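Chain by chain, the residues run as shown.
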Amino acid sequence: NNDIFIWLSKPTDFRGQKIEDFSVNLESDSEYIDKGNVIHYFKPFGQNIKLKVEIEAVLSCQNISDEMVIFTKLPKEVSDRYLKSEKYLEQTQEVIELTKKITDGIKTPKEKVKAIFKYIAESFTYHYPVKERGVIHLDLNNLTGDCAEHSSLFVTMCRISGIAARNVTGFVIFEKEKHIIEHGWAQVYCNDKWLDVDTQFASLEKNIDIGMKKYLYGRSDYRIIFSTGFDIELKPHIPKDFTIDTVRNLEIIVDSKSTQVLQPLVFASKGKVDFKDNIILE
């Protein structure tokens, strides 16, 4: 006897992933699109609610050679959306100055991306959980944070440099180990395509050259994206007397009107909820 709201992001086709089938055992109360994300809203009622999501997807690794990376003039709809400053991706004066310093004397977008990538991969110290989300809260003299902070600063610096970029969130799948982890990374818009960029995974490699080869523009592992962008609107808004929660307490920022990301769901309830999840890879 509890009111529960659930928002679930439906994965769609991207470069490196093709969704063959997507099914949910509960009927959604509504469906809407925000920032290109297809979001299902559920309002189930009862004491023991089981939400079962089945996804059949074809995933592929992407080996992108440097010659294939060609930056052309951006379509207006891309430049309008993916060059601006926004919540969590704040183009502060300090970040603008640092970006100009990193890219000083570099003329081409391709080389600017490399310089920004190298700087972030080498400068960040991984830290989780993050106390406050958003580029505006980063200490630029002592960069610390998780995958979201890595990718957020990368996206912000790219946008300052005139390169369209966005954040994506989803899962990295380790096929042999039958293991899956939540993760966030970035994408840049290049030659009418979105290409993956992962500075955080690159920072785990022995040196930056190996990191660039594996995680700049390509996919050296299997991934599935559930949502793109930050600050995704929640429809309907969450009532003030509800408790907000996220899968596995991922430290995602959620308020009554929006969530930082959907990875892949957010739920809110009027009463207490005991939540358990189980991911099965076949």
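Everything here concerns the structure above.
For the structure given in this document, a descriptive report is provided here. Just so you know, these numbers come straight off a predicted model, no measurement behind them.

Right, let's talk about the layout of surface pockets for a bit. Left-over empty space is what a probe sized like a water molecule reveals as it rolls over the atoms. When its volume is computed, the largest pocket comes out at roughly 1,700 Å³. Surrounding the largest pocket, 45 residues form its lining, Lys52, Val53, Asn278, Ile279 and Ile280 being those nearest its centre. Where the lining of the largest pocket is concerned, the elements lending two or more residues are strand 1 (4-10), strand 5 (53-59), strand 8 (165-174), strand 9 (179-190), strand 12 (222-228) and strand 16 (265-269). Sort the elements by how many residues they give to the lining of the largest pocket and strand 5 lands first, with six residues. Taken as a whole, the second largest pocket spans an internal volume of roughly 320 Å³. What lines the second largest pocket is a set of 19 residues, among which Tyr128, Asp146, Cys147, Glu182 and Gln263 lie closest to the centre. Residue contributions to the lining of the second largest pocket peak at four residues, all from strand 9. Tallied by class, the residues present in the lining of the second largest pocket amount to ten nonpolar, six polar and three charged.

Between its first and last C-alpha atoms helix 3 (residues 109-123) spans 21 Å; for 15 residues at 1.5 Å apiece the expected length is 21 Å, and the two agree. For helix 3, the secondary structure elements touched by its buried residues are helix 2 (93-102), helix 4 (147-160), strand 10 (193-197), helix 5 (199-202), helix 6 (208-215) and strand 11 (216-217).

Attention now goes to the pattern of salt bridges. Taken as a whole, this structure holds 17 salt bridges when the rule is applied. Note that Arg159 and Glu86 form a salt bridge whose closest N and O atoms lie 2.7 Å from each other. Taken together, the residues Arg159 in helix 4 and Glu86 in the loop between helix 1 (76-82) and helix 2 connect sequence positions 73 residues apart. Glu86 matches Arg159 in its accessibility class, with the two residues each being buried. Here Asp198 makes a salt bridge to Arg223, at a shortest N to O gap of 2.8 Å. With Asp198 in the loop between strand 10 and helix 5 and Arg223 in strand 12, this residue pair connects regions lying 25 residues apart in the sequence. In terms of burial, Asp198 and Arg223 fall into one category: buried. Several salt bridges share partner residues, and in doing so they unite Asp66, Lys110, Glu111 and Lys114 into one network.

Rules and cut-offs
Residues numbered from 1 in each chain as written. Predicted model: local features only at pLDDT ≥ 70, side-chain atom pairs only at ≥ 80, totals over all residues. Heavy atoms only, no water. 1 Å grid on protein atoms, 1.4 Å probe; cavity = no way out; pocket = protein on both sides within 12 Å on 5 of 7 lines; lining within 4 Å. Points joined across faces, edges and corners; volume = space filled by probe spheres on them. Helix = DSSP H or I, 4+ residues; strand = E, 2+ residues; numbered from the N terminus. Nonpolar A, V, L, I, M, F, W, Y, C, P; charged D, E, K, R; others polar. Expected span 1.5 Å × (residues − 1). Contact = heavy atoms within 4.5 Å. Salt bridge = Lys/Arg side-chain N within 4 Å of Asp/Glu carboxyl O. Buried < 20%, exposed > 50% of the residue type's maximum accessible area, 1.4 Å probe, protein only.

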